[in-house]
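Structure at a glance
Spelled out from the first residue to the last, the chains are:
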Amino acid sequence: RVTQCETLDAGIDAMEAEAYDLVLLDLGLPESTGLETLDRYNETIDRHTELDHVPVVVLTGLKDRATSVEAIERGAQDYLIKDNVDTNTLHRTIRYALERHAQARQLRRQNRRLDQFASVVSHDLRNPLGIAKTYLDFARETGDPDDFAAVAGALDRMDNMIDDLLRMARAGTAVEDTETVAVSELVSEAWKTTEKAGATVNYSATEDLTIEADRSLLRTVFENLFRNAIDHNDQPPDVIVGTDEERNMLYVADTGVGIPETDREKVFDH
C-alpha cells in the first residue's frame, strides 16, 4: 500500500498516524529542494523520537552522481533518477533498501549485545582477578602452598564465569539447568572472593536453606551484591543474608549508606 503526500510535513504527519516500511523521498518537494529536503527529513525524524527510522530512497531529477552519493552519505539507502525509473528498477531498489536496512538493524542489535557482554565481562571478572593478584603476591613472598591454591581457585572461578557469560550471551537471559543449592555454602564461597578487612557477613538465617538455582550464576549474583556493598561505602559494612518468610524472599542487606534516592529509579538499568 502506498500513501502519496505532496509536502514533507504531510509525509511526517502520515508517519505519525501509522507505521510505514519505507520512504520514497522526492528531493524536489514544494517547500524544499535538493539535499536540503533529506536533511530536513532526517532532522524531523530525529526530533520525533517515537517514530521508527525506516529506509529512505531519494528521488531526484538530476543526473548528478555526486549529489546521489552525498545523499547516501547523509543516510539514504539508495537513490533513483526519475527519468530512469521503470517497474523493475523500482522493485529492485525498494527490495534492496529494505534488505540492507534490516541487516543494518540486526548489526546494531548485535553490537549492543556485544557492548553489554563486554561490560558484564569486565565487571564480573574483576573480583576473582583481584583475588588472584593478591594471593599471587602473597605466594611470591611466602611460598605457601595455600596461597598458590587460592590463586588457582580464583583462576578456576574466572574460567567458569567466562563459560557462564558465553552461555548467557548465546541463549539470552533464560536459566535452563538448575540444581538444589545450599545457600549458606554458596554465600561462604562468594564472600571469599569479595571480603575486605573490617567487613563482615552474617548468613546464619540461611543455615538450612536450599533453593533451586543455577549454582554458578547465583554465586555471581552474591559476589556482585557483596562487592557493591563494599565498594560503595566509605567504611567496611556489615552484610546480612536473610530470609523473609512472610514474602517467601531471600535478601541481601548491608549497614552502609544505601543507594542515593536520586539513583534508585535507575539501579536496574544495564
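Note that residues are indexed from 1 along each chain, following the sequence as it is written. Since the coordinates come from a predicted model, pLDDT governs what is reported: local features require at least 70, and pairs of side-chain atoms require 80 or more to be given and counted, while whole-chain, interface and lining totals use all residues. Computation of side-chain values covers all heavy atoms of the structure but excludes hydrogens and water.

1. Some details on the environment of D269
The way it works is that DSSP assigns letters per residue, a run of H or I at least four long becomes a helix, a run of E at least two long becomes a strand, and they are numbered from the N terminus. Among the secondary structure elements, D269 is positioned in the segment after β8 (249–254). Residue class for D269 comes out exposed when judged on its relative accessible area of 53%. A C-alpha to C-alpha distance of 37 Å links D269 and A71, two positions 198 residues apart in sequence. Per-residue accessibility, obtained with a 1.4 Å probe over protein chains only, is compared with the maximum for each type, and a residue is labelled buried under 20%, exposed over 50%, and partly exposed between these values.

2. With respect to the sheet that holds strand β5 (residues 200–202)
Here, any two strands with at least 2 DSSP bridges between them count as paired. One open sheet accounts for three strands, arranged β5-β7-β8; its pairing is mixed. Two strands bound the open sheet, and with one partner strand each, they are β5 and β8. Direction aside, neighbouring strands of the sheet carry axes that sit 15° apart on average. Note that strand β7 (residues 238–244) and β8 share six bridges and pair antiparallel. Looking across to β8, one finds that G242 is bridged to Y251. Residue contacts are counted whenever heavy atoms from the two residues lie within 4.5 Å of one another. Lines are fitted to the C-alpha atoms to define the axes, a helix being fitted only along its stretch in contact, and any angle between axes, read from their N-to-C directions, falls within 0 to 180 degrees. Against the sheet, helix α7 (residues 183–192) engages β5, β7 and β8, with an angle of about 175° to β5. Strand contacts of helix α8 (residues 215–231): β5, β7 and β8, with the helix running at about 25° to β8, the strand carrying the most contacts.

3. Here's the deal with the sheet that holds strand β3 (residues 78–81)
The parallel open sheet is built from three strands, whose spatial order is β1-β2-β3. The two strands at the open ends of the sheet, each matched to only one other strand, are β1 (23–26) and β3. Ignoring which end each strand starts from, the neighbouring axes of this sheet average 25° apart. Along the sheet face, helix α2 (residues 35–47) touches β1 and β2 (56–60) and points at about 140° away from the line of β1.

4. Overview of helix α1 (residues 8–17)
Every buried residue of α1 is accounted for by L8, G11, I12, A14 and M15. Angular distribution of buried residues about the axis of α1 spans 160°; they occupy a single face of the element. Tucked into the core, α1 has its buried residues touching β1 and α2. Directions drawn from the helix axis to the C-beta atoms are what define this arc.

5. Brief notes about the packing of aromatic side chains
Note on aromatic pairs: the rings of Phe, Tyr and Trp (six-membered ring only in Trp) are paired at centre separations within 6.5 Å, and the planes decide the class, stacked below 30 degrees, edge-to-face beyond 60, tilted for the rest. Using the criterion set out here, one finds three aromatic pairs in the structure. Ring centres of W191 and F226 lie 5.4 Å apart, and the angle between their planes is 75°; on these two criteria the pair is classed as edge-to-face. With W191 in helix α7 and F226 in helix α8, this residue pair connects regions lying 35 residues apart in the sequence. Of the two residues, W191 and F226, both sit in the buried class. Classification of F226 as buried rests on a relative accessible area of 0%. Three or more aromatic residues joined by ring pairs make a cluster, and in this case those are W191, F222 and F226.

6. Description of the packing of helix α4 (residues 87–124) against helix α5 (residues 126–142)
Where α4 meets α5, the axes come as close as 5 Å, and the angle between the chain directions of the two elements is 35°. Of the residues in α5, those touching α4 at S122, H123 and D124 are R126, N127 and P128. Each residue is assigned to one of three groups, with Ala, Val, Leu, Ile, Met, Phe, Trp, Tyr, Cys and Pro labelled nonpolar, Asp, Glu, Lys and Arg labelled charged, and all others, Gly among them, labelled polar. Broken down by class, the residue content of the contact of α4 with α5 amounts to one nonpolar, three polar and two charged.

7. Topic: the nonpolar core
Only buried Ala, Val, Leu, Ile, Met, Phe, Trp, Tyr and Cys residues count toward a nonpolar core, and they belong to the same one when joined by side-chain atoms within 4.5 Å. Judged by nonpolar contacts, the single largest core of 19 residues is most densely connected at M15, V23, L25, L38, Y41, V56 and V58. Residue assignment for this core shows that the elements contributing at least two residues are α1, β1, α2 and β2. Among the nonpolar cores identified, the runner-up in size contains 16 residues, and L186, A213, F222 and V241 belong to it.

By themselves these figures say nothing about function.
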